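Spelled out from the first residue to the last, the chains are:
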Amino acid sequence: MAKIAVIGTGYVGSVSGACLADFGHNVICVDNNPEKIESLKKGIIPIFEPGLDTVVERNSRCGRLSFTGDLAFALNESNVVFIAVGTPPADDGGADLVYVETAARQIGALIDKYTVVVDKSTVPIGTGKKVTLWISEELAKRGKQIEFDVVSNPEFLREGSAVYDFTHPDRVVIGSGSKRAREIMKDVYRSLYLNDTPYIETNLESAEMIKYASNAFLAVKITFINEIANLCEKTGADVRDVAKAMGKDGRIGSKFLHPGPGYGGSCFPKDTRALAKTGRDNNEILNIVETTIETNEKQKIRAAKNIENVMEKLDGKTLAMLGLAFKPNTDDMRESPAISICEYLISRGAKMRLYDPAAMKEALWRLTSMKDSVYFAADEYDAMKGADALIIATEWNQFRNIDLIKVKQLITSPMFFDLRNIYKPQEVTSAGLQYFGIGSK
Ligand code: NAD
């Protein structure tokens, strides 16, 4: 059993901490946001993540999981510390490492025994070495010679299914040059290691690169099918059939072959930009990644422009939009395509009636700049009341079974924009609505 501290209780830290406790370890989660810690202590999860409350409750009750703002206490109790703080985009496109550096320096200022420092945040290649340097500098300031090792252990969980993903990963990646640290990490992931989960040991830089290369590859795949969908619209092909048939090819696979209004979220946009910057910094331009970033931005606006083209004039029109989170089953709106689409439509004179099953609280502050043009609805049908058209921006399950007859009654002109292709055109048109999906004429 390892004794673990986790720094950062956001989407990754809270899930990692709770699931590591579920693996049988003693885990103390630390955050410098006192409201988050107070909430977690009461068993109230500050984010929307299905199933996380149960794991937190189960492990808190039996004393394996606790929450604190006191990092010194947490480090004193632990021999492994995970850094799971944010790495938001910096102005130059790279990852802003200010939170990682602060956490690393705090560790250097506080540890008093051998500690394995595990970088779980997504960080540019070379950050592991910087973390080693920052910790060493703080130890030197204290005149202490305490051994530590830095490990890169990138996280691949998806918001919305994070608990399942953490406990059933496709692979665990451990990057470290230290045999001692690698043995300890095997203990940390013992439950998975014994279960035949692919367990990949490599050096620090490769582990850091694996995370970026994986995310960039998925972003490329989404962008590829989006471009094919756009071409389908011009040529008479139907992207639903094209993607389905492509996905049946075992070499291609069906996942991430769903066209839409571009990818968003807290990972793909910032990770592709950070990887592209690493390429530029090393004089190795990653052309495919650079193009993907540019094409994805165009795709978001293309979706909004298509709506404008169909509606001819947006000035004075009201549009209902369902789905604000960047994907279903999360309240995360970071870089959500819904925001770009709203911005564009409002800039052209439209008013918006918005609804999301989990992200309304997020939307309230993220869309403050548009507040004069936005109505926050109580549910999907409230959003549609008196609207000229309906847009489905995020494919929440509850939007897959909308009462189409009611939609026809509520919206004044019968335009139904399905940006996620979750409806069959015919079922929508047979309710008397005009259907506009992605990737077909
Ligand atoms: P987040 O912003 O939700 O959470 C970060 C947390 O760290 C916040 O609660 C913040 O208060 C806390 N924090 C920052 N500095 C701290 C410090 N010095 N001491 C204590 N607490 C501190 O971020 P996230 O979405 O959980 O992402 C964390 C990292 O994991 C990022 O690098 C991200 O790219 C990566 N990642 C995220 C996902 C995802 O789906 N969100 C998936 C895989 C990897």
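The sections below set out a description of the structure shown in this document. (Residues numbered from 1 in each chain as written. Predicted model: local features only at pLDDT ≥ 70, side-chain atom pairs only at ≥ 80, totals over all residues. Heavy atoms only, no water.)

Thoughts on helix H1 (residues 11-22)
Residue pairs three or four apart in sequence face the same way in an α-helix, which turns once every 3.6 residues.
Turning to step 1, where the next piece is worked out: The end-to-end C-alpha distance of H1 is 17 Å, a good match for the 16 Å that 12 residues give at a rise of 1.5 Å each.
Turning to step 2, where the next piece is worked out: Counting buried positions over the 12 residues of H1 gives 10, a clear majority of the element.
Turning to step 3, where the next piece is worked out: For H1, the complete set of buried residues consists of Tyr11, Gly13, Ser14, Val15, Ser16, Gly17, Ala18, Cys19, Leu20 and Ala21. (Helix = DSSP H or I, 4+ residues; strand = E, 2+ residues; numbered from the N terminus. Expected span 1.5 Å × (residues − 1). Buried < 20%, exposed > 50% of the residue type's maximum accessible area, 1.4 Å probe, protein only.)

Concerning the packing of helix H5 (residues 98-110) against helix H6 (residues 127-142)
Turning to step 1, where the next piece is worked out: Relative orientation of the contacting elements H5 and H6 amounts to 40°, with a least axis distance of 7 Å. Classed by the angle they form, the pair H5 and H6 counts as oblique. Crossing hand, H5 versus H6: right-handed. Where H5 abuts H6, its residues Val100, Glu101, Ala104, Arg105, Ile107, Gly108, Ala109 and Leu110 lie against Thr127, Val131, Trp134, Ile135, Glu137, Glu138, Leu139 and Arg142.
Turning to step 2, where the next piece is worked out: Residues belonging to the contact of H5 with H6 are distributed by class as follows: nine nonpolar, two polar and five charged. (Axes fitted to C-alpha atoms, helices over the stretch in contact; angles between N-to-C directions. Parallel < 35°, antiparallel > 145°, perpendicular 65-115°, else oblique. Left-handed = near helix turned anticlockwise from the far one by under 90°. Contact = heavy atoms within 4.5 Å. Nonpolar A, V, L, I, M, F, W, Y, C, P; charged D, E, K, R; others polar.)

Observations concerning the site of the ligand
Turning to step 1, where the next piece is worked out: Taken together, 26 residues sit near the ligand, with Asp31, Lys36, Thr87, Glu159 and Lys270 positioned nearest.
Turning to step 2, where the next piece is worked out: Contacts to the ligand include Thr87, whose side-chain N or O atom sits 2.5 Å from an oxygen atom.
Turning to step 3, where the next piece is worked out: Ser266 places a side-chain nitrogen or oxygen 3.4 Å from a nitrogen atom of the ligand.
Turning to step 4, where the next piece is worked out: Listed by contribution, the elements that provide at least two residues to the shell around the ligand are H1 and H5.
Turning to step 5, where the next piece is worked out: In terms of residue class, the shell around the ligand is built from eight nonpolar, 11 polar and seven charged. (Near = heavy atom within 4 Å. Polar contact = N/O pair within 3.5 Å; in protein donor to acceptor, adjacent residues only side chain to side chain.)

Examining the nonpolar core
Turning to step 1, where the next piece is worked out: Leu319, Met321, Leu345, Met352 and Phe416 are the most contacted members of the largest nonpolar core, which has 63 residues in total.
Turning to step 2, where the next piece is worked out: Broken down by element, this core gets its largest block of residues, seven residues, from helix H14 (residues 337-347).
Turning to step 3, where the next piece is worked out: One finds Val6, Leu52, Met185 and Leu192 within the second-largest nonpolar core, a separate group that totals 41 residues. (Core = buried A, V, L, I, M, F, W, Y, C linked by side-chain atoms within 4.5 Å.)

What to know about the environment of Pro261
Turning to step 1, where the next piece is worked out: Of note, Pro261 is situated in the loop between helix H11 (239-247) and helix H12 (268-281).
Turning to step 2, where the next piece is worked out: Expressed as a C-alpha distance, the spacing of Pro261 and Ser336, which sit 75 residues apart in the sequence, is 9.6 Å.
Turning to step 3, where the next piece is worked out: In this structure Pro261 touches Gln299, Lys300, Ala303, Pro337, Ile341, Ala393, Leu419 and Arg420, once residues within four positions along its chain are discounted.

Remarks on the pairing of strand S5 (residues 115-119)
Turning to step 1, where the next piece is worked out: Buried residues dominate S5, accounting for five of its five residues.
Turning to step 2, where the next piece is worked out: Side-chain alternation along S5 places Thr115, Val117 and Asp119 on one buried face and Val116 and Val118 on a second face that is also buried.
Turning to step 3, where the next piece is worked out: When strand S4 (residues 80-83) meets S5, the two strands line up parallel, connected through four bridges. The residue of S5 that forms the bridge with Val81 is Val117.
Turning to step 4, where the next piece is worked out: Each parallel crossover has a hand, and the one from S4 via H5 to S5 is right-handed.
Turning to step 5, where the next piece is worked out: Note: S5 against strand S6 (residues 148-152), five bridges, orientation parallel. If you follow Asp119 over to S6, its bridge partner there is Ser152.
Turning to step 6, where the next piece is worked out: You can see the chain leave S5, run along H6 and come back into S6, and the turn it takes is right-handed. (Pairing = 2+ DSSP bridges. Right-handed = clockwise from strand over helix to strand, strands pointing away.)

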